[in-house]
Amino acid sequence: MADRITVIGWDGTPLTEAAGAALAAATLVAGAPYQLTALPVPESAERITLGNIQQAARRIAEHRGAAVVVAEGDPGFFGVVRTLRRPEYGLELEVLPAVSSVAAAFARAGMPWEDAQVVSAHGGRLRRAANICRAHPKVAVLTAPGAGPAELALMLRGVHRTFVVCEALGTPDEDVTVLTSDRIADHVWRDPNVVLVIGGGAQAGAVDEAAGWLAGRPVGYPGAERGWALPGDAYAGAGRAEGESGAPEALPAHVRALVLARLGARPGDLVWSVGAGSGALAVEAARFGAAVVAVEGSRSACARLTVNARRYGVEVEAVYGSGPEVLGGLPEPDAAVVESGGLDVVRAVLARRPERFVALPRTLTEAQEVRRAIAGAGYRADGALLQATPLRPVGEGDGLTLGAGGTGALVLWGEQIV
């Protein structure tokens with residue numbers, strides 16, 4: 001193993017005394033080509049271009065002498081330190097960080113960022129990074145070749161955001177560009193870059209009680225209410241007015257609780273809620289951090305859905321329409337629920353291959369048909385009939401009795417068979 005391994009974070013400013021001394025004494029230096037060219041690397045030192053970090057780590061482990069790894073900004077924040085610290089390499093590091101590229105990007109934009117989400121598009125995670133941008137009003141994206149600003153904007157097609165693209169931060173070629181998301185794909189962007197994705201309706205209505213003590217405030221937290229599977233009256237216009245799509249009232253809270261558990265919505269996921277009504281279920285899925293697209297055939301219900309999303313400080317994209325044809329232009333789902341719409345809609349959703357699927361049939365006959373569709377699409381199918389009866393107090397004492405208005409609901413679900 002190398003006698004000493006120093007990881008230097010460099011943001012384009014002059015090196016500190018400690019970093020300069022470590023670099024001057026190095027017999028092996030690893031970094032990006034522009035870093036190896038710009039910094040005073042000793043002529044006698046072995047140079048390694050940081051492409052495959054695992055290969056570089058193995059070479060450093062074999063080296064005898066003083067090794068230096070140069071990285072951008074803070075190498076302990078979505079950087080090389082995580083890989084170099086893996087136990088199989090047995091490396092002990094001294095880390096000399098600079099200002100992280102994310103901190104520098106927000107500084108260039110003149111914005112606070114303790115409430116921002118920070119995601120990496122490296123390693124094939126561009127789609128999940130885009131879903132975070134759908135769900136949150138302030139996101140920093142660490143891009144990668146082939147997963148840069150243009151590709152991210154295409155993933156967000158139809159979702160209006162402002163992009164702050166910070167290219168080559170801390171170098172003489174630094175450039176900061178502010179454009180709306182529909183114009184990003186028209187440009188050719190240089191690596192490395194950091195993208196700030198700003199905007200969305202949630203930022204206007206969100207409760208900001210967490211600001212000042214909790215970094216990366218979860219979407220919708222703490223929100224107007226604590227908990228989830230809230231009572232129906234917690235949502236404006238729960239259900240539909242009579243005559244709207246012929247659908248029943250909003251799902252009872254205990255049914256929503258089971259549906260949410262089976263969907264397993266999480267940050268980075270995209271959830272479809274089809275036949276969403278006033279959006280109680282869609283809003284609660286969004287409060288778990290998922291991006292949510294809610295499809296609804298009533299314009300007034302879409303409007304109420306938007307009001308409910310704003311109330312709880314979450315992003316829900318409301319899409320007006322009904323039937324399988326409206327689903328064709330939607331981004332790929334990780335999980336989906338069909339609240340209403342019938343067997344044709346169920347089959348159309350299953351054809352898009354979400355990992356998890358839930359349906360709410362209205363009759364036992366419909367439930368049998370839906371279960372066959374779920375199993376026939378290659379999912380492990382299961383289901384339940386949920387029944388609940390409220391408890392009512394008796395007189396002035398502490399006695400209880402079963403109240404009127406008990407409800408029952410059929411819930412079917414499926415998970416992809418791996």
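See the structure shown above.
The following paragraphs examine the structure supplied in this document. The model shown is predicted, which means the values in this text are computed figures rather than measured ones.

Conventions used here
Residues numbered from 1 in each chain as written. Predicted model: local features only at pLDDT ≥ 70, side-chain atom pairs only at ≥ 80, totals over all residues. Heavy atoms only, no water. Axes fitted to C-alpha atoms, helices over the stretch in contact; angles between N-to-C directions. Helix = DSSP H or I, 4+ residues; strand = E, 2+ residues; numbered from the N terminus. Parallel < 35°, antiparallel > 145°, perpendicular 65-115°, else oblique. Left-handed = near helix turned anticlockwise from the far one by under 90°. Contact = heavy atoms within 4.5 Å. Buried < 20%, exposed > 50% of the residue type's maximum accessible area, 1.4 Å probe, protein only. Pairing = 2+ DSSP bridges. Phe/Tyr/Trp six-rings, centres within 6.5 Å; stacked < 30°, edge-to-face > 60°. Lys NZ or Arg CZ within 6 Å of the ring centre and 35° of its normal.

### Here's the deal with the packing of helix H13 (residues 343-350) against helix H14 (residues 364-376)
Next, step 1: One can describe the packing of H13 onto H14 by two numbers: an axis separation of 10 Å at closest approach and a directional angle of 15 degrees. Judged by the angle between their axes, H13 and H14 are roughly parallel. Pair H13 / H14 crosses with right-handed handedness. Across the interface between the two elements, Leu-343, Val-346, Arg-347 and Leu-350 of H13 pack against Glu-369, Val-370, Ala-373 and Ile-374 of H14.

### Topic: helix H6 (residues 126-135)
Next, step 1: Counting buried residues in H6 gives eight out of ten residues, a clear majority hidden from the surface.
Next, step 2: Three or more residues of H6 are buried, namely Leu-126, Ala-129, Ala-130, Asn-131, Ile-132, Cys-133, Arg-134 and Ala-135.

### Focus: the sheet that holds strand E15 (residues 356-359)
Next, step 1: Spatially, E13-E12-E11-E14-E15-E19-E16 is the arrangement adopted by the seven strands of the open sheet, whose pairing is mixed. Single-partner strands in this sheet number two, and they are strand E13 (316-320) and strand E16 (379-388). Across the sheet, the axes of successive neighbouring strands diverge by a mean angle of 15 degrees, strand direction being ignored.
Next, step 2: Against the sheet, helix H11 (residues 280-287) engages strand E11 (270-274), strand E12 (291-296), E13 and strand E14 (335-338), with an angle of about 170 degrees to E12.

### Regarding unusual backbone geometry
Next, step 1: In this structure, Ala-168 is a non-glycine residue whose phi angle is positive, near 50 degrees.
Next, step 2: The topology assignment puts Ala-168 in the loop between strand E8 (162-167) and strand E9 (175-180).
Next, step 3: In this structure, Arg-353 is a non-glycine residue whose phi angle is positive, near 60 degrees.
Next, step 4: Mapped onto the secondary structure, Arg-353 falls in the loop between H13 and E15.
Next, step 5: For Arg-353, a relative accessible area of 38% corresponds to the partly exposed category.

### Digging into H11
Next, step 1: The buried count for H11 comes to eight of eight residues, which makes it a mostly enclosed element.
Next, step 2: Ala-280, Leu-281, Ala-282, Val-283, Glu-284, Ala-285, Ala-286 and Arg-287 are the residues of H11 that are buried.
Next, step 3: Where the residues of H11 are buried, they touch helix H10 (253-263), E11, E12, helix H12 (299-311), E13 and E14.
Next, step 4: A positive phi of about 100 degrees marks Gly-289, the residue just after H11.

### Focus on the sheet that holds strand E4 (residues 66-72)
Next, step 1: As summarised here, the arrangement of the five strands in space is E3-E2-E4-E1-E5, forming an open sheet in which the pairing is parallel. Since the sheet does not close on itself, it has two edges, and those belong to strand E3 (46-49) and strand E5 (93-96), each with one partner. Going from strand to strand, the sheet's axes swing by 20 degrees on average, the running direction of each strand aside.
Next, step 2: Across four bridges, strand E2 (residues 28-31) lies against E3 in parallel orientation. Pairing of Gly-31 across the sheet is with Thr-49, part of E3.
Next, step 3: Docked against the sheet, helix H1 (residues 17-24) engages strand E1 (4-10), E2, E4 and E5, running at close to 130 degrees with respect to E1.
Next, step 4: Packing of helix H3 (residues 53-62) onto the sheet brings it into contact with E1, E2, E3 and E4, and relative to E3 it is tilted by some 160 degrees.

### Examining the packing of aromatic side chains
Next, step 1: All chains considered together, the criterion is met by five aromatic pairs.
Next, step 2: Pairing Phe-77 with Phe-78 gives two aromatic rings, centres 5.2 Å apart and planes at 85 degrees, and the pair type is edge-to-face.
Next, step 3: With 5.3 Å between their ring centres and 45 degrees between their planes, Tyr-235 and Tyr-312 make a pair best called tilted. Here Tyr-235, found in the loop between helix H9 (202-205) and H10, pairs with Tyr-312, found in the loop between H12 and E13; they are 77 residues apart in sequence, far enough to count as distant. Of the two residues, Tyr-235 and Tyr-312, both sit in the buried class.
Next, step 4: Taking the ring centre of Trp-413 as reference, the NZ or CZ of Arg-262 above it sits at 4.5 Å.

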